[in-house]
Structures are given as C-alpha cells and as structure tokens.
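Examining the three-dimensional arrangement
Each chain is listed here by its residues.
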Amino acid sequence: MYCHYYNQLNKNQRAVVDNIREHVIVLAGPGTGKTQVLSVRTANILKTHNVSPSNILILSFTNAAAGTIRERLVEIIGADGYFVEVGTYHSLANSIITESEEVSEIFGEKIKLNDTERIKLIRHILDTLDNISEIRPFRAPYHYEKEIVKNINILKREGIMPDDFSRLLINISSDGRIIQEKHIPRLHQFSKVYKMYEETKNTKKEQVLDDRGRYDFDDMIIMATHVLNHEEAIGKKYRKKFSHIMVDEFQDTNKAQLKLLLSLIDHKKTNLCVVGDDDQSIYKFQGASIGNFRTIKNKFKNLTQLILTENYRSTPEILNISRKLIDGIPFNNKMSTKSLVPHKDFKHKTIKSLRFNSIREEMSFIVGKIKELVKEKSGDDPYSDIAILLRTRKDILPIIDAFLQTGIPYVTDGKEDISSHLRVRQLLSALNLAVNSHNPERADRYVFELLSSDYFEIDISDMTSLLSYVSFKKRHNTEKQTITLFNEITSEFPLPLKFKNPLKLHRFSRTIQRLIKDSRVRPAHQLILQYIKDSGMLDFILAQYEKNQILRVRDLRAISSFIEYIKEQTTANSMMTITDLMEDINLRQSYGIGIQGILASSHHKGVRVLTTHSAKGTEFHTVFVPFCIHDKKWPKKLITALIPIPQTILQVSKNMCSEEEIKKLHLFDETRLFYVACTRAKANLFFTAAPTQKNIPSMFLKNMDIEPQPCLIPEENVLKFSIDTVKERPPFLQTNEILEDYVKSISLNPTNVNDYIRCKRYFLYNNLLMIPSELMEGQVFGICAHKALGEIYKIYKKKQNLSRQSFPEFDLFENIFKTCLENTSSGKRIEQGCLGKIGELKTWYQNKAESPARVLFIEKKLKILINENIPFSGRFDRIDIVGSNRNVCVIDYKTGDAYRHIKSIADNNDPLNKDCDQYLHQLIAYKLILENQPEPYKVASCKLEFLEPSKRTVKKYNIEEGEYKTLELTITDKMVEDMKKLIIDVWNRIHNLEFEKLVEYDKTKCENCNFRGVCWEG
Ligand SMILES: Nc1ncnc2c1ncn2[C@@H]1O[C@H](COP(=O)(O)OP(=O)(O)OP(=O)(O)O)[C@@H](O)[C@H]1O
Ligand code: SF4
Ligand SMILES: [Mg+2]
C-alpha cells in the first residue's frame, strides 16, 4: 500500500516524505496534499528508521481530523497505524498530566469549569472585588462580563498568566486611538479580575464554587508544558519517546500550544515537520500565526522549507474565484503568495451565487437543490459529500430546522442546542412542574403539557372528560377553594369519572405524585431518571424498536444528552436542587449557551452542517455557504473591544495603530475564513443570501466577481416546503444503517464483552445506545471503594520508604471514600447503605496494610489490537511486580458476595462455555492484554480480591463466613487463546447486528435489568 501512495505523489510531495533527516516546513495552499503527505511520511519513517509507531507523534487540530489521519495511516501501513500517536494538543496534554503525580494531585479532585459556572464565577468576582467601578458600572454591573471572558480566553491561549499580564500593564499608556485614556483603568481592573478568577478557580478559597477547585480548557496545555519543563523524568521521557513530530494546520497553533510543542523537542534528536497555510489562519491575531513559522525558522538551523503547488481538490473555476478572494489581502500581511495549479476537474460542476426574498426561500432552495443532487448521485451515501458551511454556531439551527422538516439526514460537528427537542421539552415540563408544585395554578400549565405527552398514551376522550370535569368544578365552586387540574390529578385522584383507559391515568397520577414528593429529597438527575422510568417514556420509545424495528435514535440521544447535562451540573454542585437547575437553564438561555448535547454521530450518513472553523482540512463534492450577508455573517461585523488588550502584550507582528487598521485586519481575518469555506469544495459551490432592506450581500462575493443573481422560488414550492413536514419522523435512515454506524465506532473491553454474552439486547441498549439508568447501591459502593484504593496506592507508591509504617492510615481511605460518595450525589438511601459497610472495609484494609504490595501500576488503561482490527482495552485496578523480568500479578477488586463467583469458577473454567463466570473472562482478558503489549509483560498470576466478607460458610469451596476471600488463579495459554476466539466471535456478531433479546424471561438476568419493562410485558 505504501508504494501505491508514494507513487501517486508529485515531486515536491515526495521531497517532504523523503526528507527525514532535516526539519521540514511546508507552507502551501489548500488541497495541495499537506495532510496526505504526513501519513505517507510516517510510513516512510517506519520503513527506513528503526523506530516504533509510538515514537511518532502527529498533532492535528480537532479530534475528527485526528481520526481521519489515523484512518489514512491504517490504510497505508496497516495495524501499526493504530499505535502512532495521533491526537490534538489537548489529548497530548492530558496524557502528560496524568503521568505527573504532582500535577495529577493538583488537578486531583478538580473538575472542569462549565459555561455557567464561568459566568457565575465572573459575576461573583465583580460583586466581591473593591475598586472596579470602571468595569462594574453601578447600573449595569455585568455589562463587561462577556468581554472579560473573551479576554481571559485570549490571554490564556497566548500563555499570558495574571502575574505576567499585570507586569506587562505597568508601563501601558494611551495611544489616543486603540488604547484610549478610558481603557487604562479598565485594563488594570480587568487584570485584578483575571487574577482573582485564576485564584478562585484553582484554590479552595471562595465559596462560589465548592472546595474541589476547577480547571478550564487551556489550563491543561499550560500545566502539561510546566510538567515537561519542571519534572525532569517526564520531560526526558517524552523528549526521548517522540523521535519524530509532525504538526498539521500549524498556522493555528497558539502561543501556549507552541510552548508545549517546543518543550517536547530535543534539539539534537527530534525531527520536526510542520505543515500549514497562513492564508487559512482562522484564529485571531494573524500576526501570531506568522510568528509561529518564524519562531520555528529561527529556532531550527537544519531546516528545509518546501512548497506544494498542485491542487488535487477543486475545479479550476473554484480555485480561480478563491484566488481572487485571497488576493484581496495585501502581500505584506502574508508569509508568501501561493500559486495553485489545478489538477482536478469534474464534468458536472457549478459555481452559483443567488439572492432570495426571504430566508424561507433560501432554505427552500438549499433543500430542493440537495434533493436534486442526491437523486443524480448513485451510491449508498449521497448525502455525506455535501456540506453546509456556516459562520457561527447559531446559524446551524435554521438549517437543522429545514432539514428536520423535509427529512434530509444531517450531521453536525459535535454538540448542538437540544433545549427545543421534543423529549427535552417534555422533561423540562416535568421539572417545571416539580419546581412550581407549591403554586397549583401555575403548575396547571405543566400538568397539561405532560398529560398530552405521547408516552403517557392517555386517550383523547379521557383527557377531554378530565378537563371538562375540572372546568365544571371550577364553575360550580361554592366553597371558595382553588380548583386546579393539578390538585385533581394529585390529591383528589381517583376521580368519580368513567374513563376509557383508567390505568393510563392512574399511572400518570402516580408518576406526578412521586415526582413532586421526590423533588424535595432527591438530587436532580435521580429525580429525572426516576420520572423517565415511572412515566414509561423510554419504554414508549424503545417499544417502537421492539415491535417495528424502528430506532428513534434522536429521541434517545436527546434524553441521554439532557441527563448528561444534569449530571454535569450535579458533579459541579452535588447539593444542586431542581430550583438551582432551572436557574442554570434560564441563565444558559439568556446567555445564548443553550443546553448542549449530541443528537447525531459524526459517523452518520448525512449532509454535514458545520461551522467553517470546524471544517478546516475537510473536502466535499458540494459546498453551500448560506447567509452571505455583509457585516452580519460574511464578514461578521467588528465589535469594538470594550477592554482592548494592547498589541504590545499580544506581540502581534503588525503594529495596529488606528481604528482603520484594526478594521482592515478584522476584514482579513474574515476573508481567510471565507477562503477556507470556498476551498473545501471540489465541484459545486453555492453562495446564498436573503438580504433585507437593511443589509446587502457579502462584499466577498463582489470581490470574487460573482455578485448574487436574484432567484425566484415559485410560491407553491415555498408553500410545499412549509407544508412538506415530516415532523417527529427521526429515523431518516433505516435502523440497520443507524446501528451499523454505532457499531463502527465501538471498541471492546472485558466488561462490554461480558455484557454481550449476558444478553445481546442488553448490550445494544446499555453499551451501544448508552441508554441512561440509575446507579444501584452496589455500583456506587464499588466505584467509591475503587477510587479510594486507587488514590491510597498512588500516595503510597510515591513514598521513599515502602513499608508497613509508610502505608496510609484508614482515615485517609475513609475520607476519600466519603468525598467520592458525596460527589456521586446518589441520594440519602444509597449513601447510608454505602456508609453502613465502611466498617467491613476497614477490617479488610487493616489486614492488607500489614503487608503492602509492590505496585507497578494503579488504574492503568492498556490497549491491544486483536486480529489486527479489533481494538480491545482493559482498565486494570492494580498490577503488582512479581520478582523481576516484567513478571506481574493482576489484582482486580470486587465488591459483593464472593460465593457465587468462586463456585461458578470452580465448576467451570472454560471461557467458551456459556456458563463461564464473567470475572474469569475478565482475568483471562487482562492476561491477553498484558502479554500482547509492544513490550510484553509475563502474567504470573491473577487475583480477585473481595473487599467484603463472605456471607456464608461453604466447606466445598473453602469459604468461611466473615472471611475476606482472595481467589488466586493461574490462567493458561489455552484459556487466553479461547478468550481471543470469544472476543472475535463477539466482534463479528456485533458487526452482523445480532442484538436479539433472550428467548425467554431469565430470572437471574432479566429480574434486575433496567430494560425488563421494555422486553417483557407484565
Ligand atoms: N499526489 C496526489 N495525487 C492525487 N491526489 C492527491 C495527491 N496528493 C493529495 N491528493 C488528494 O488531494 C486532496 C487534498 O489533500 P489534503 O487534504 O492532504 O490537502 P491539504 O493541503 O491538507 O488541504 P487543506 O489545506 O485544505 O488542509 C485529498 O483528497 C488527497 O487525497
Ligand atoms: S430484560 Fe432480559 S432480555 Fe431484556 S435486555 Fe434485559 S436481560 Fe436482555
Ligand atoms: Mg490539510
């Protein structure tokens, strides 16, 4: 395969691939094969150098782009492609941080600062700090908050921390233009806010957030850089590990990321190759991106710059208009002028720029055109080669609405606002009802909304009788008591009425009563999970799959995402009440953040609806660029900075000295972004706009000589578009296609293989569709015990002198256990249950503390590839060193009673037998993983350590009541071979979409299964 790809390359591309001894910079235009060349270069390194795949690092800009590079690598070099380190700066930073015990400790309990917390934190700081009246005006105290958030982001990305910033401000004075007199006090006061923001977030000082502390996205990069430069062993390890580093889209590497990159480089040994295009630099402060290339040029002596000019993506016409656009940026704002030679052409190709009378017409055109294109194109996936590229995330919504209305499948670039999804609205009604239950009149609105929700399946005639009964009672109310639907359905129920289907109404009444009762005592996410269960919402959705094989995947995703969101909120604030939650939702809405969730996977077949930022590096046969309105979307209007950060601080190469200059640079930034959008297209490029009297089409279109032509959509087509609704019909694709899509991204591990063996349908619901469910007490206990043990061993491992004396006392274990329990917010009942068993844990702990183990790894995740294509990973509780020569013992902690497992392992040790114990499967899988590492370990033995005492005495299995069992097993090579067969079989079945339920109700498996109500009636 390598030869095939290599032979395809042109001369200059080959030069990039062949030149491995020197550092290489490739500065070239779009579609010239920069990204492509990185994969072939990787193959060449592996072929010609004695390095292993994990010695090569490729940094890309998004996870999606990293995924594409990896796929290409696997295609070219086979299974080795999985082991090349391909990722983003953030994923790299994450792995560096987890290696540092010091930083892991600093991060320790810290959780990620979420969007609303950030706003709350800024507001808190504005309310707390003295002498900041310039940025906290009396009448509008939060007027500057968005600007503050924006500036903090900019500074952190540039690697400028609060102390640096306040130092840099010392000599700042007004330049009379950009930095005016009024900005100086604002800058100094902002500096105070920035300082307090970092302090409050990092330490446990303030009450606004709880005492775990927070980190934000950019902290990871800064921390990882710190680790590489200050923790010698880790820095050395990484600089030794990555002999070859390649960076795609280098123009958008920010200062903080550049520092991280440079900290990874050993100037004598590392080979660096960066590829990019300054014309496609799409993050602000373009000077900085030119600065990146210059920094590299200055730092590395042995460096070659190569240029690629052949474009293999777009038609000559598309390249021609794109060139006209980018030539609008004068040469002194660029690194170089890049000529592009077209190499690709298509028989059917179009460039169209159209204007419409309304957005409705614009949408109607796009929808109609997509349907036309899809009809013309054969193949099983005509949609995925079409993209709609947008200026802002907000623009995604009208497009999605139009697609949902007309049944066009689509995929977005990650999260979208789910707050208007039907299922989320229904869940919000339930929460609103609970919050307003003390006010029955207000609650009535929500009772009605819920009563008419499809999943309660309330007969329309029953609903009518109920409503007319309440209305009659209201009219004839003589006792002056408040008659409400809410009271009738809760306190007065059952009513003296004859219903067609009284059971459904009874269920409704019970569900509402429980919701209100629970809302006073249970945490929000549990409340909602309970409501979903009681109301039958999930059963209703899944019943469509059970009966008709229709998977309402968007509904399921909307529910999961909403629960995820609530969980995130409760992680941030374990005491969160539903009133707090509703406040958070309102704050989000007023701030335009919405509730972010994922409704479609990026693997789905469908039109790509993307922001142009996230479309970087991609290509599509047809691209639509809608909303081409000047000073609104393309370009976006420049908003004057309220607290402008001086350029001297940001070290932009260009000295901006006038407002005119700033406007021009802003326009260049927007031009580059539009250029990225245009150059994604291979054959067809449509620009659309619906200007009103107040605005005009984008000047970019004029610059490209393609002024929009009026396009009249026949009235009946627009009308048809309005009427042609396929509302509530989410499965655009066949269920099998959806499942295939899910299956594509699955990777196996011992737990999900066991789940599949237990019940295929359970695997589908639980592991593939990830339908949310409540944690049981046993699971919570297990999670907290594992967490505490993990932390204890981490602390112990760091001690100089490993002995009984240095092993942490139980008090510490207990504290960690309790904090973890608090953070799971699992409610009083479960909490008490777990705390009740802590005495038993203490006995176990003290026994073990007598002779602490020689630990190699704690909570370690390792992966392998089975049969070169099955990704299989395992998370190890503990791996101990046994003797030397990489001999190890695997320890897996278990909670619950040991008897059942000890018995079934004693009775049956054949992994291929259907009754084989799942713990045994797990241990065999661990041996399989460890002995197949690039540098294999030898597993001497595997142990199951039961943390709770046995509940009975069973002589046959050598079990004494009250005894803490440790079951040590020797796993044979034959067992490992059989386990491998089993995994391959499970993998194949999953890919054949075998997800049938058990043939009949199984007492052990179905009794406690969350999906019992879906699978079995009664
Ligand atoms: N020598 C070649 N012959 C034929 N096709 C090629 C060649 N080199 C690259 N391609 C194809 O050209 C297209 C563009 O390549 P690639 O995405 O690597 O360009 P790029 O320079 O990274 O673009 P961008 O700047 O937009 O990220 C891809 O479809 C790639 O497979
Ligand atoms: S109820 Fe039974 S059949 Fe249904 S998913 Fe659960 S275990 Fe499988
Ligand atoms: Mg690229």
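Quick caveat, the model's predicted, so the values are computed rather than measured.

The next thing to look at is the nonpolar core. Grouped together as the largest cluster of nonpolar side chains are 130 residues, with contacts concentrated most on F562, L748 and F995. With residues up to four places along the chain from it excluded, the contact list for F995 reads Y545, L739, V743, Y756, K760, R761, F763, L764, L768 and I990. Membership of the second largest hydrophobic core comes to 35 residues, among which are Y89, A224, A256 and L258.

This brings us to the sheet that holds strand β16 (residues 607-611). The parallel open sheet is built from 7 strands, whose spatial order is β13-β16-β12-β17-β18-β11-β19. Looking at the sheet topology across the chains shown, the edges are occupied by β13 (410-412) and β19 (709-710). Where strand β11 (residues 350-355) lies against strand β18 (residues 681-689), 6 bridges are found, and the strand directions are parallel. Its bridge partner being in β18, K352 is matched across the sheet by F686.

In the region of ligand 1, 19 residues are neighbours, and K34, T35, R313, E619 and R680 sit closest. One of the backbone nitrogen or oxygen atoms of Q8 is found 3.0 Å away from a nitrogen atom of ligand 1. Interatomic distance of 2.7 Å between a side-chain N/O atom of T35 and an oxygen atom of ligand 1. In isolation ligand 1 offers 640 Å² of accessible surface; the protein chains occlude 85% of this area. Take the shell around ligand 1: its biggest share by element is 3 residues, from helix α3 (residues 34-48).

This paragraph deals with the site of ligand 2. Taken together, the neighbourhood of ligand 2 is formed by C759, Y762, K997, L998, K1005, C1006, C1009, R1012, C1015 and W1016. Those elements that place two or more of their residues in the shell around ligand 2 are α41 (1003-1007) and α42 (1012-1015).

Quick look at the confidence of the model for the chain now. Of the residues in the chain, 94% reach a pLDDT of 70 or more, and the chain-wide mean stands at 87. For residues 725-732, every residue scores under 50 in pLDDT, and the model assigns this stretch 16 contacts once sequence neighbours within four places are set aside.

One can find D444 in helix α19 (residues 440-451). For D444 and E147, which are 297 residues apart along the polypeptide, the C-alpha to C-alpha distance reads 41 Å. For D444, the contacting residues outside a window of four places in its chain are K474, T484, L485 and F486. Reaching out from D444, the side chain makes a polar contact with the backbone nitrogen of F486 at a distance of 2.7 Å.

Turning our eyes to something else, we now look at the packing of aromatic side chains. Per the stated rule, a full pass over the model turns up 36 aromatic pairs. Taking 6.0 Å as the distance between ring centres and 65° as the angle between the ring planes, the aromatic pair formed by F365 and F686 counts as edge-to-face. Of this pair, F365 sits in helix α16 (residues 359-376) while F686 sits in strand β18; the two residues are 321 residues apart in sequence, bridging distant segments of the chain. Assigned by exposure class, F365 and F686 land together as buried. Ring centres 5.3 Å apart and planes at 85° place the aromatic pair Y756 and F763 in the edge-to-face group.

This part covers the side chain of T225. If you trace the backbone, T225 turns up in helix α11 (residues 219-230). At a separation of 2.7 Å, a polar atom in the side chain of T225 contacts the main-chain carbonyl oxygen of I221.

Looking now at helix α40 (residues 973-991). Relative to the 27 Å expected for 19 residues at 1.5 Å per residue, α40 spans 27 Å between its end C-alpha atoms, a close match to the ideal helical length. Of all the positions in α40, only M975, V976, D978, M979, L982, I983, I984, V986, W987 and I990 are classed as buried. Looking one or two residues beyond α40, the residue adopting positive phi is L993, at roughly 60°.

Sheet architecture is open: 5 strands sit in the order β20-β21-β22-β23-β24, paired in mixed fashion. If you trace the sheet from one side to the other, it starts and ends with β20 (855-866) and β24 (966-969), each paired once. When the angles between neighbouring strand axes are averaged without regard to direction, this sheet yields 35°. Sheet topology places β20 next to strand β21 (residues 870-881); 10 bridges connect them, and they run antiparallel. In the sheet register, L865 faces β21, and the bridge partner there is P871.

In terms of strand pairing, β11 meets β19 through 2 bridges, oriented parallel. Bridge pairing links R355 to P710 in β19.

A word on the packing of helix α35 (residues 810-823) against helix α37 (residues 838-849). Relative orientation of the contacting elements α35 and α37 amounts to 140°, with a least axis distance of 11 Å. As the angle between them shows, α35 and α37 are arranged oblique. Regarding α35 and α37, the two cross each other, and that crossing is right-handed. Where α35 approaches α37, its residues F810, F813, E814 and F817 are matched on the opposing element by I838, L841, K842 and Y845.

As a further point, take the state of the cysteines. The full count for this structure, using the stated rule, is 0 disulfides. Cysteine C678 remains unbridged, with the sulfur of C628 as its closest cysteine sulfur at 8.3 Å. Here C942 stays free of any disulfide, with the sulfur of C889 as its closest cysteine sulfur at 6.8 Å. Exposure remark for C942: the relative accessible area of 1% places this residue in the buried category.

A few words on unusual backbone geometry. Cis rather than trans, the peptide bond between W634 and P635 has omega equal to -5°. Mapped onto the fold, P635 is located in the loop between β17 (620-625) and α27 (647-650). Residue N131 is not a glycine yet carries a positive backbone phi of 55°. Taking relative accessible area as the criterion, N131 reaches 64% and is therefore assigned exposed. Within the chain, E457 stands out as a residue other than glycine whose phi angle is a positive 50°.

Conventions and cut-offs
Residues numbered from 1 in each chain as written. Chains lettered and ligands numbered in written order. Predicted model: local features only at pLDDT ≥ 70, side-chain atom pairs only at ≥ 80, totals over all residues. Heavy atoms only, no water. Core = buried A, V, L, I, M, F, W, Y, C linked by side-chain atoms within 4.5 Å. Buried < 20%, exposed > 50% of the residue type's maximum accessible area, 1.4 Å probe, protein only. Contact = heavy atoms within 4.5 Å. Pairing = 2+ DSSP bridges. Helix = DSSP H or I, 4+ residues; strand = E, 2+ residues; numbered from the N terminus. Near = heavy atom within 4 Å. Polar contact = N/O pair within 3.5 Å; in protein donor to acceptor, adjacent residues only side chain to side chain. Areas by Shrake-Rupley, 256 points an atom, 1.4 Å probe, with all protein chains shown as cover. pLDDT = per-residue confidence, 0-100. Phe/Tyr/Trp six-rings, centres within 6.5 Å; stacked < 30°, edge-to-face > 60°. Expected span 1.5 Å × (residues − 1). Axes fitted to C-alpha atoms, helices over the stretch in contact; angles between N-to-C directions. Parallel < 35°, antiparallel > 145°, perpendicular 65-115°, else oblique. Left-handed = near helix turned anticlockwise from the far one by under 90°. Disulfide = S-S within 2.5 Å.

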